[in-house]
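An overview of the molecular structure
Now for the letters of each chain:
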Amino acid sequence: MAEFAWKSRSPLAHAVEPGRAGARAGAAGVTLTEIRDFALVQVMARRGTWAETARVAQQLWGIDAPGGPKAVFGQDVTLVGSGPDQFFVLSKGSSVQDPVEPLKQAFAGIASMTDQSDGRCMISLSGPRVRDTLAKFCSLDLHDSVFPVGAAAATSVDHSAVTLWRAPNADGGSPLYNLLVFTSFADSIWHLITESAAEYGAELGYAA
Amino acid sequence: MRISCPYCGERELGEFSYLGDASPKRPAVIAADGGVAPDAEDVFYDYVYLRDNVAGEMSEHWYHGGGCRSWLVVRRNTVSHEIKSVEIAAGAGARTGHPNQERANG
Ligand SMILES: [Zn+2]
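In this numbering scheme, every chain counts its residues from 1 along its sequence in written order. Chain A is the first chain written and ligand 1 is the first ligand written, with later ones labelled in order. In view of the model being predicted, local features appear only for residues whose pLDDT reaches at least 70, and side-chain atom pairs are presented and counted only at 80 or more, with totals across whole chains, interfaces and linings using the full set of residues. Side-chain calculation: all heavy atoms of the structure are included, whereas hydrogens and water are not.

Turning our attention to the coordination of the zinc ion. Residues and elements named next belong to chain B. Counted as coordinating are nitrogen, oxygen and sulfur atoms within 2.8 Å of the metal, or 3.2 Å for Na, K and Ca, while water is not included, which may make sites look incomplete. All of the protein donors around the zinc ion are Cys5 (SG), Cys8 (SG), His64 (ND1) and Cys68 (SG); their distances to the metal are 2.0 to 2.5 Å. One chain supplies every donor for the zinc ion, spaced along it as C-x2-C-x55-H-x3-C. Separated by 60 residues along the polypeptide, Cys8 in the loop between strand S1 (2–5) and strand S2 (9–12) and Cys68 in the loop between strand S4 (57–63) and strand S5 (71–77) bring together distant segments of the chain. Between buried and exposed lies partly exposed: a residue is buried under 20% and exposed over 50% of the maximum accessible area for its type, with that area taken using a 1.4 Å probe on protein chains only. Judged by relative accessible area, Cys8 falls into the buried class, the value being 14%. Put simply, DSSP marks the helices as runs of H or I at least four residues long and the strands as runs of E at least two long, and each gets a number from the N terminus on.

Dropping the structure here:
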């Protein structure tokens, strides 16, 4: 029997055309980057075991698990709150066959895990006009005073559920937001974002 | 109308879906002798189908499907739309007490 391995391909491979889009004058107002190299696991504490789940997270990654809509940045992982007593574990390594496997033992009996790596696309947005762009399709108040670095939200964009969080500022000092979107809606949402950013001039690309 | 989800904070109405009255409780239809209570059909019909049309304050189930996916109990005035309180629906959150909790706490 022939030996073969599935080769993963981003659902946005077709949509992302690296380069400048929209207004051409001056520096790009928005930078949109599809992040391709990531593994994503959702951890959901079982009933009454949140404290234990948080303790295991502390042991594994040396950071506090987000007990609310927050993103917590560790050395190798980012933990993003996705709902009551649940969070995403985001790490590099799209080549990892099963990112749940190394966590199974530690969370055995207290939390359930699902591999979401192939279920979501990740888009990062930055640049001086990033907030004006987001304002067109996101109903949240993203002002520094209410949505600072480390703030996260489960919300809806274009009728689709997304996870949004603010990461440490981009090079150049502009805010940087990350968006996890369902793969089957990624094409449409990428289109929505690039259209919204067009008037400010957008620099599009991907990070493998 | 905006609803303050206990987990997410204040969000627009479009992120929520409405289920209805949160007050009906599943009736016990087993009689003392272990058989089915004689009025079981009536009380179950009432529980499943009959609803009061409240003009004023009532408890309602709302689902935050466009956010954290929690079921909420919202106390809302159906005339003014004023919202008095919003809580995570009992039993929906992992934080709620459960027999396993004793085992977990050790
Ligand atoms: Zn919520």
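The structure having been displayed, the exposition proceeds.
With that out of the way, let us pick up the domain arrangement of chain A. All names here are of chain A. Where each domain starts and ends comes from a domain assignment, either automatic or drawn from a database. In terms of domain boundaries, chain A breaks down into domain 1 (19–36 + 119–207) and domain 2 (38–115). Placing the centre of domain 1 and that of domain 2 at their C-alpha centroids yields a distance of 24 Å. Of the residues lining the interface, 16 residues belong to domain 1; the matching set on domain 2 comes to 12 residues. For the pairing of domain 1 and domain 2, the buried interface totals around 1100 Å² over both sides, and the portion due to carbon and sulfur atoms is 73%. Among the residues domain 1 hides against domain 2, the three largest losses belong to Arg120, Ala152 and Trp165. Together they make up 38% of the total. Definition used for salt bridges: Asp or Glu carboxyl oxygen within 4 Å of a side-chain nitrogen of Lys or Arg. Between domain 1 and domain 2 we count zero salt bridges in total. Of all elements in the fold, only strand S8 (120–126), strand S9 (152–157) and strand S10 (160–167) reach the threshold of two or more residues within the side of domain 1 that touches domain 2. Contact between two residues is taken to exist if any of their heavy atoms lie within 4.5 Å; hydrogens are not considered. When two parts are brought into contact, each loses some accessible area as probed by a 1.4 Å sphere; the total of that loss over both is the buried area.

What follows concerns a nonpolar patch on the surface. All names here are of chain B. Among the surface-exposed residues, Tyr45, Val48, Tyr49 and Leu50 lie close enough to one another that they form a single nonpolar patch of about 440 Å² accessible area. When you line up the elements, Val48 lands in helix H1 (residues 40–49). Residue class for Val48 comes out partly exposed when judged on its relative accessible area of 41%. For patches, a residue must show more than 30% relative accessible area and have no salt bridge; joins then use 9 Å for like charges and 5 Å for nonpolar side chains, namely Val, Leu, Ile, Met, Phe, Trp and Tyr. Accessible surface area values rest on a Shrake-Rupley calculation with a 1.4 Å probe, where residue burial reflects the displayed protein chains alone.

Here the focus is the UniProt feature "domain: GCVT N-terminal" (unreviewed entry) in chain A. UniProt positions are given in the numbering used here, feature names are shortened, and annotations may be inferred rather than shown by experiment. Per the UniProt entry, the sites bearing "domain: GCVT N-terminal" (unreviewed entry) are residues 73–206 of chain A in this numbering. Split by type, residues 73–206 of chain A is 20% helix and 39% strand. Its first and last C-alpha atoms lie 22 Å apart.

All names here are of chain A. Of all seven residues making up strand S3 (residues 39–45), six are buried, and the element is well covered by its neighbours. We call two strands paired when DSSP finds no fewer than two bridges between them. Relative to strand S6 (residues 86–91), S3 runs antiparallel, the two being bridged by six bridges. Bridge pairing in S6 places Ala39 opposite Ser91.

On to helix H1 (residues 50–61) of chain A. Residues and elements named next belong to chain A. Taking 1.5 Å as the rise per residue, H1 with 12 residues should run 16 Å; its terminal C-alpha atoms sit 16 Å apart, in good agreement. Within H1, the full set of buried residues consists of Trp50, Thr53, Ala54, Val56, Ala57 and Trp61. The arc that holds every buried residue of H1, seen down its axis, measures 160 degrees, which confines them to one face. Projecting away from the buried face of H1 at angles above 90 degrees are the exposed residues Ala51 and Gln59. On its buried face, H1 sits against S3, strand S5 (77–83), S6, helix H2 (101–107) and strand S7 (111–115). Looking at the residues trailing H1, positive phi occurs at Gly62, about 70 degrees. Here, expected helix span is obtained from the residue count minus one, scaled by 1.5 Å. Arc, as used here, means the arc of the directions from the helix axis to the C-beta atoms.

Here the focus is the sheet that holds S4 of chain B. Residue and element names in this part refer to chain B. Across the sheet, four strands lie side by side as S3-S4-S5-S6; this open sheet has antiparallel pairing. Single-partner strands in this sheet number two, and they are strand S3 (17–21) and strand S6 (83–88). Adjacent strand axes in the sheet meet at a mean angle of 25 degrees, parallel and antiparallel pairs treated alike. Direction of pairing for S3 relative to S4: antiparallel, over a ladder of four bridges. Residue pairing across strands places Gly20 opposite His61, the latter belonging to S4. Helix axes are fitted only over the stretch in contact, all axes being lines through C-alpha atoms; the angle between N-to-C directions runs from 0 to 180 degrees.

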